[in-house]
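Listed below, chain by chain, are the residues.
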Amino acid sequence: MPPIKIGIVGLGKIARDQHLPALAANPDFDLVAVASRNASQEGVASFATLEEMLEAMPELDAVSLCTPPTVRYGQARQALRAGKHVMLEKPPGATLSEVEDLAQLAESSPGSLFATWHSRYAPAVEPARQWLASRRIRKVHIEWKEDVRVWHPGQRWIWEPGGMGVFDPAINALSIVTAILPRRFFLHEGTLQFPENCQAPIAANLYFSDSQDTPITADLDFLQTGPQTWDIHIETDEGNLALRKGGSQMFVDDQLEHEAPEQEYPGLYARFAELVARRESDVDVAPLRHVADAFLLGRRETVAAFHDEG
Ligand code: NAP
């Protein structure tokens, strides 16, 4: 198979930090173009918009959309209609309805659609799923706390409607728990804290349970300075599991059982190559559904204004 000719759309933080290196290291892909209004990439054709890129480069096989979620639906639809394979950064869209519409469009299109959840490719996630499969889960607690000023410097879109605020990182935790817990779970109540000058929450507390009344709680914060916390604690009838550092370490009863170098984006592109070869799609909206539920059911509190400069 010749390499898949791919273009990146939205050359921002995640495209530069992860997509460019992952593509450079994967012989199944050939990065031939970039579409970004304010950025270009040396050595590849650069365009201001996806539309211009699609028109100028009919030989393109695939696009990887690294823009904010609110513009992704329009771009994905355009690329699928042009017959391209499409990879979506997380969250796959601003609403459930538009992602479901894309999944349907992909069914009747020649291109594959891949809604990625990069945290599911963290090295300890699959070992954790296997460890939990044979045990009875008693309690789950998610602690996802990071500093928005470090990870999203100057990104206004994250505070706008559809930007999701603290759920932009927290959806990664939800992507992990929806992959490793054996049963579906549901939101019962929650509190979302909105800065008085923002349209998206900066912190949240959520309480879920499953059909066996297992308590599942989440403590989410976007203002954590110092050490960052991306941890999931799970009590079972045969010991306690902790996934730490965003799923890169697995502890059982405080003993480190599994740790490996971070390979999330190489894992995503390996999966995308597989989907393209098979002409299949992979679209799971479960993590986005929990975020939508939090906005539907959560109690809203107004807190102090957020300013990027602190
Ligand atoms: P970002 O730095 O703001 O980059 C996104 C890029 O998309 C921008 O640089 C901008 O490039 C383009 N863009 C922004 N608004 C647009 C609009 N209205 N229309 C068209 N293009 C627009 O954001 P990011 O951190 O890379 O995040 C992008 C996505 O990746 C988000 O969904 C996020 O959840 C996900 N992600 C981020 C991280 C992270 O650590 N930051 C980690 C994993 C996943 P131009 O101005 O040049 O067009």
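Residues numbered from 1 in each chain as written. Predicted model: local features only at pLDDT ≥ 70, side-chain atom pairs only at ≥ 80, totals over all residues. Heavy atoms only, no water.

- With an unreviewed UniProt entry as reference, the protein is termed D-galactose 1-dehydrogenase, source organism Modicisalibacter xianhensis.

### Comments concerning the UniProt feature "domain: Gfo/Idh/MocA-like oxidoreductase N-terminal" (unreviewed entry) in the protein
Point 1. Taking the UniProt record as the reference, the feature "domain: Gfo/Idh/MocA-like oxidoreductase N-terminal" (unreviewed entry) is found at residues 4-109.
Point 2. Helix makes up 39% of residues 4-109 and strand 23%, with an end-to-end C-alpha separation of 17 Å. (UniProt positions renumbered as here; feature names shortened; annotations may be inferred. Helix = DSSP H or I, 4+ residues; strand = E, 2+ residues; numbered from the N terminus.)

### So, the packing of helix 3 (residues 72-81) against helix 4 (residues 96-107)
Point 1. Remark: helix 3 packs on helix 4, axes separated minimally by 10 Å, with the N-to-C direction vectors making an angle of 5°. Taken together, the axes of helix 3 and helix 4 are roughly parallel relative to one another. Each of Tyr73, Ala76, Arg77, Leu80 and Arg81 in helix 3 lies in contact with helix 4, whose residues at this interface are Glu98, Asp101, Leu102, Leu105 and Ala106. (Axes fitted to C-alpha atoms, helices over the stretch in contact; angles between N-to-C directions. Parallel < 35°, antiparallel > 145°, perpendicular 65-115°, else oblique. Contact = heavy atoms within 4.5 Å.)

### Things to note about the nonpolar core
Point 1. Residues Phe167 and Leu181 are the most contacted members of the largest nonpolar core, which totals 53 residues.
Point 2. With residues up to four places along the chain from it excluded, the contact list for Leu181 reads Leu132, Ile137, Val140, Ile216 and Ile234.
Point 3. Of all hydrophobic cores here, the second largest spans 24 residues; its members include Ile6, Ala22, Leu23 and Leu275. (Core = buried A, V, L, I, M, F, W, Y, C linked by side-chain atoms within 4.5 Å. Buried < 20%, exposed > 50% of the residue type's maximum accessible area, 1.4 Å probe, protein only.)

### A short note on the site of the ligand
Point 1. Residues in close proximity to the ligand total 25 residues, the closest being Ser36, Arg37, Asn38, Arg72 and Asp168.
Point 2. Within the backbone of Ile14, an N or O atom sits 2.8 Å from an oxygen atom of the ligand.
Point 3. Arg72 is positioned such that a nitrogen or oxygen atom in its side chain is 2.8 Å from an oxygen atom of the ligand.
Point 4. Protein coverage of the free-state accessible area of the ligand, which is 880 Å², stands at 82%. (Near = heavy atom within 4 Å. Polar contact = N/O pair within 3.5 Å; in protein donor to acceptor, adjacent residues only side chain to side chain. Areas by Shrake-Rupley, 256 points an atom, 1.4 Å probe, with all protein chains shown as cover.)

### Points about the sheet that holds strand 10 (residues 215-221)
Point 1. The nine strands are arranged 14-13-12-11-7-10-9-8-15 in an open sheet whose pairing can be described as mixed. Single-partner strands in this sheet number two, and they are strand 14 (255-259) and strand 15 (299-303). Averaged over all neighbouring strand pairs, the angle between strand axes comes to 15°, with direction disregarded.
Point 2. Note: strand 8 (residues 185-195) against strand 15, five bridges, orientation parallel. Bridging across to strand 15, Gln193 finds its partner in Glu301.
Point 3. Taken strand by strand, helix 5 (residues 125-133) contacts strand 7 (137-145), strand 11 (229-236), strand 12 (239-244), strand 13 (249-252) and strand 14, and its axis lies near 165° from that of strand 12. (Pairing = 2+ DSSP bridges.)

### Some points on the layout of surface pockets
Think of a ball as big as a water molecule: rolled over the atoms, this probe shows where empty space is left.
Point 1. The volume enclosed by the largest pocket comes to roughly 1300 Å³.
Point 2. Surrounding the largest pocket, 46 residues form its lining, Lys13, Ile14, His152, Gln155 and Trp157 being those nearest its centre.
Point 3. Looking at the lining of the largest pocket, the elements with two or more residues in it are helix 1 (13-24), helix 2 (50-56), helix 3, helix 7 (167-180) and helix 8 (264-278).
Point 4. Broken down by element, the residue count for the lining of the largest pocket peaks at five residues, all from helix 1.
Point 5. Residues of the lining of the largest pocket, tallied by class, amount to 17 nonpolar, 17 polar and twelve charged.
Point 6. In this structure, the lining of the largest pocket is formed jointly by two domains, domain 1 (4-115) and domain 2 (119-263 + 292-303), each of which donates at least three residues.
Point 7. Here the second largest pocket defines a volume of roughly 250 Å³.
Point 8. Residue lining of the second largest pocket: 13 residues in total, with Thr178, Arg184, Phe185, Ala286 and His290 positioned closest to the centre.
Point 9. Secondary structure elements with two or more residues in the lining of the second largest pocket: helix 7, strand 8 and helix 9 (286-297). (1 Å grid on protein atoms, 1.4 Å probe; cavity = no way out; pocket = protein on both sides within 12 Å on 5 of 7 lines; lining within 4 Å. Points joined across faces, edges and corners; volume = space filled by probe spheres on them. Nonpolar A, V, L, I, M, F, W, Y, C, P; charged D, E, K, R; others polar. Domains from an automatic or database assignment.)

### Brief notes about the pattern of salt bridges
Point 1. Scanning all chains against the criterion turns up 14 salt bridges.
Point 2. In this structure, Lys90 and Asp168 form a salt bridge, with 3.5 Å as the shortest nitrogen-oxygen distance. One end of the pair, Lys90, is in the loop between strand 5 (85-88) and helix 4; the other, Asp168, is in helix 7, and 78 residues separate them in sequence. Note on accessibility: Lys90 and Asp168 belong to one class, buried.
Point 3. For Arg120, the salt bridge identified is with Asp284, shortest N-O distance 2.9 Å. Linking Arg120 in the loop between strand 6 (113-115) and helix 5 with Asp284 in the loop between helix 8 and helix 9, this pair joins segments that are 164 residues apart in sequence.
Point 4. One salt-bridge network, in which partners are shared between bridges, spans Arg271, Glu274, Arg278, Glu280 and Asp282. (Salt bridge = Lys/Arg side-chain N within 4 Å of Asp/Glu carboxyl O.)

### Section: the pairing of strand 7
Point 1. Where strand 7 lies against strand 11, eight bridges are found, and the strand directions are antiparallel. The partner of Val140 across the bridge, within strand 11, is Ile234.
Point 2. As paired strands, strand 7 and strand 10 are joined by six bridges and run parallel to one another. If you follow Glu143 over to strand 10, its bridge partner there is Asp219.

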